Amino acid sequence: AEQQQWSAVDDYLGGLLAPEDPVLAAALRAGDEAGLPHINVSALQGKLLNLLARAVQARSVLEVGTLAGYSTIWLGRALPADGRLITLEAEPKHAEVARGNLARAGLDGIAEVRLGLALDTLPELVGESFDLVFIDADKANIPEYFRWALVLTRPGGLVIVDNVVRGGEVADEHSSEPAVRGVRRLHELLASEPRAAATTIQTVGVKGYDGFTLAVVLPPGK
Ligand code: SAM
């Protein structure tokens with residue numbers, strides 16, 4: 001019953017604030033038809049990513065975990081025409097579907113899908129500086145991805161991590177689930193990380209009960 005209400009509210013608010021346009025609908029359909037799982041962000045969450053990118057006046061965005069490129073489209077739409085978005089994806093099929101979706105969205109000049117395990121492709125980005133990093137891949141490696149994000153984000157830039165509450169399991173210190181251990185390690189790392197100021201917000205909606213972490217990367221010595 002609770003889930004029904006969360007979904008009804010998401011449908012109502014999403015219909016007004018993040019209505020589905022043909023490009024986003026086609027992106028979801030292409031993912032569907034290729035048999036990709038339904039684990040993209042919701043429309044309202046996509047809009048939040050878009051607004052956060054605009055708020056930091058992002059010109060360069062890094063995404064870890066592309067799937068069909070749904071969140072990538074929301075992020076890419078926040079960038080200026082000469083902006084840049086790199087999105088990392090391990091599954092060849094996902095990368096292929098995403099490339100098609102990004103081309104249909106008119107973002108193929110801005111967004112580049114890099115195929116490979118993120119822990120292999122992240123080191124290739126050393127020397128680059130991103131205004132915003134969105135972490136949404138395998139959850140066990142979240143702490144490692146966050147460490148890379150600290151290296152790759154400009155001071156004042158924003159790091160967003162998805163699925164960090166996990167139906168409340170983040171508070172279970174005895175959990176042996178790799179994803180839960182990953183999000184717990186993220187928060188332990190954040191508690192003693194002088195290079196970032198962070199908070200985590202719990203959320204409900206079509207995707208159930210979860211949450212995201214927001215971290216601002218601080219200039220050295222701040
Ligand atoms: N951000 C997408 C969206 O909201 O539309 C959803 C991403 S989905 C939750 C996670 C993606 O990360 C999947 O496509 C999966 O194949 C990819 N992935 C999993 N492990 C990975 C790894 N080690 N390196 C890169 N990508 C990985």
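Residues numbered from 1 in each chain as written. Predicted model: local features only at pLDDT ≥ 70, side-chain atom pairs only at ≥ 80, totals over all residues. Heavy atoms only, no water.

(A) Focus on the pattern of salt bridges. For the structure shown, the criterion picks out 9 salt bridges. Here Arg154 and Asp131 are joined by a salt bridge, their closest N and O atoms 2.6 Å apart. With Arg154 in strand β5 (residues 153-162) and Asp131 in strand β4 (residues 130-135), this pair connects stretches of sequence that are 23 residues apart. Classification of Arg154 as partly exposed rests on a relative accessible area of 25%. Among the ionic pairs, Glu144 bridges to Arg147, the shortest N-O distance being 3.8 Å. Residue Glu144 and its partner Arg147 are located together in helix α7 (residues 142-152), separated by 3 residues, close to a single helical turn. By relative accessible area, which is 22% here, Glu144 ends up partly exposed. Taking the relative accessible area as the measure of exposure, Arg147 reaches 44% and is therefore partly exposed. (Salt bridge = Lys/Arg side-chain N within 4 Å of Asp/Glu carboxyl O. Helix = DSSP H or I, 4+ residues; strand = E, 2+ residues; numbered from the N terminus. Buried < 20%, exposed > 50% of the residue type's maximum accessible area, 1.4 Å probe, protein only.)

Note that all results are geometric; they support no functional claim without further evidence.
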